[in-house]
Amino acid sequence: MGLSWQQGPLSAGALGRFLVPEPLPKRLLFVERLRRRMRVRFAERWIADSEQVLLLFEPARYPVAYFPEADVAPGVLEPTEHVTEHVDLGSTSWYSVRADEQHIAARGAWQHTGLPAHASELQGRVAFAWRAMDAFYEEDERIVGHAADPYHRIDIRQASRHLVVRHGERVVADTRRPLVLYESGFAPRWYVPRADIDESALAPVKLQTFCPYKGLCSYYAIGEARQAAWSYPDAYPEVRRISGLVSFEPDIVTVHLDGVQLHLEPGQTVVPHGPDRNLDVAEIVRE
């Protein structure tokens with residue numbers, strides 16, 4: 001996912017490397033201005049509204065949005081006695097977030113209060129616990145799951161290559177018109193039109209996951225192979241071309257592309273359709 005997740009350049013499993021003479025530190029943190037207006041809603045109130053948000057990237061974490069204290073509504077943050085220690089950023093003080101007497105999110109926000117000099121950009125800034133709030137917005141559009149990574153990119157291309165999916169001796173899909181989805185930090189994923197699939201081989205699984213970049217995903221078993229295939233029935237507008245198409249996990253079923261068998265790349269995990277661990281539907285922030 002972008003800079004710091006999976007095989008991004010700041011992750012532990014980076015696919016590439018920096019061309020420098022000395023090894024880089026094992027943990028690299030990066031911060032930059034978002035350059036978008038971001039707002040936070042809690043208990044029917046806008047509790048933060050800023051065009052000066054900073055995004056913090058650190059290995060194996062989603063980007064985190066930090067708001068200037070001046071852009072947080074007065075009286076919303078209540079200090080608690082809870083203090084933790086961040087491995088890179090020092091002491092971290094936690095706040096309860098209070099919208100009114102009935103709506104209080106314990107440990108709903110935090111601030112790094114023991115910052116080293118090289119991380120001074122975060123001084124006086126507050127981050128809100130994503131799932132403790134009702135919603136986050138960029139302008140008037142809700143951002144679901146976590147702060148959007150500006151370095152995360154998805155490209156979809158039409159292909160005419162011959163893709164065949166088998167489970168044992170059974171041909172499950174055979175197409176010469178797949179769509180290939182390229183996503184930051186992930187191997188290409190190949191999507192097949194349903195007309196080129198033996199849908200009697202697909203058994204729906206009672207599981208849905210959520211991708212902040214593509215939407216809700218449904219899964220299929222093929223024989224005894226659970227979660228062998230997946231589909232986005234109503235993908236987000238930015239990736240609408242894959243709506244309803246089906247992709248297959250090459251380390252669960254056999255996928256050949258132009259006669260060459262596909263496998264996951266080293267460092268990839270069998271978590272279908274990336275970009276990250278994909279939040280379970282139960283983890284999506286409440287409406």
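Residues numbered from 1 in each chain as written. Predicted model: local features only at pLDDT ≥ 70, side-chain atom pairs only at ≥ 80, totals over all residues. Heavy atoms only, no water.

### Digging into the overall build of the chain
- On a plain count of helices and strands, the chain comes out with zero helices and 23 strands.
- Counting all 287 residues of the chain, 51% fall into the buried class.
- In the chain, once contacts between residues fewer than 6 apart in sequence are set aside, the share between residues at least 24 apart is 54%.
- Summed over its atoms, the accessible surface of the chain is roughly 14500 Å², and 51% of this surface lies on carbon and sulfur atoms.
- Placing the 32 positive and 39 negative side-chain charges of the chain at their respective mean positions leaves the two points 3 Å apart. (Helix = DSSP H or I, 4+ residues; strand = E, 2+ residues; numbered from the N terminus. Buried < 20%, exposed > 50% of the residue type's maximum accessible area, 1.4 Å probe, protein only. Contact = heavy atoms within 4.5 Å. Areas by Shrake-Rupley, 256 points an atom, 1.4 Å probe, with all protein chains shown as cover. Lys, Arg positive; Asp, Glu negative; His and termini not counted. Charge placed at Lys NZ, Arg CZ, Asp CG, Glu CD.)

### What to know about the pattern of salt bridges
- All chains considered together, the criterion is met by 18 salt bridges.
- Arg37 is the salt-bridge partner of Glu139, the closest N and O atoms lying 3.6 Å from each other. A residue pair is termed long-range when its members are at least 10 positions apart, and Glu139 in the loop between β10 (135-138) and β11 (141-143) and Arg37 in the loop between β1 (30-33) and β2 (38-42) qualify at 102 residues.
- When its relative accessible area of 23% is taken as the criterion, Arg37 is described as partly exposed.
- For Arg189, the salt bridge goes to Glu249, with nearest N and O atoms at 3.5 Å. A residue pair is termed long-range when its members are at least 10 positions apart, and Arg189 in strand β16 (residues 189-192) and Glu249 in the loop between β20 (246-248) and β21 (254-257) qualify at 60 residues.
- On the basis of relative accessible area, Arg189 is assigned to the buried category, the value being 6%.
- With a relative accessible area of 0%, Glu249 lands in the buried category. (Salt bridge = Lys/Arg side-chain N within 4 Å of Asp/Glu carboxyl O.)

### Quick word on the packing of aromatic side chains
- Considering all chains together, one arrives at seven aromatic pairs under this definition.
- Aromatic pair Phe30 and Phe57: ring centres 6.1 Å apart, planes at 50°, arrangement tilted. Of this pair, Phe30 sits in strand β1 while Phe57 sits in strand β4 (residues 54-57), and the two are 27 residues apart along the sequence.
- On the accessibility criterion, Phe30 (33% relative accessible area) is partly exposed. (Phe/Tyr/Trp six-rings, centres within 6.5 Å; stacked < 30°, edge-to-face > 60°.)

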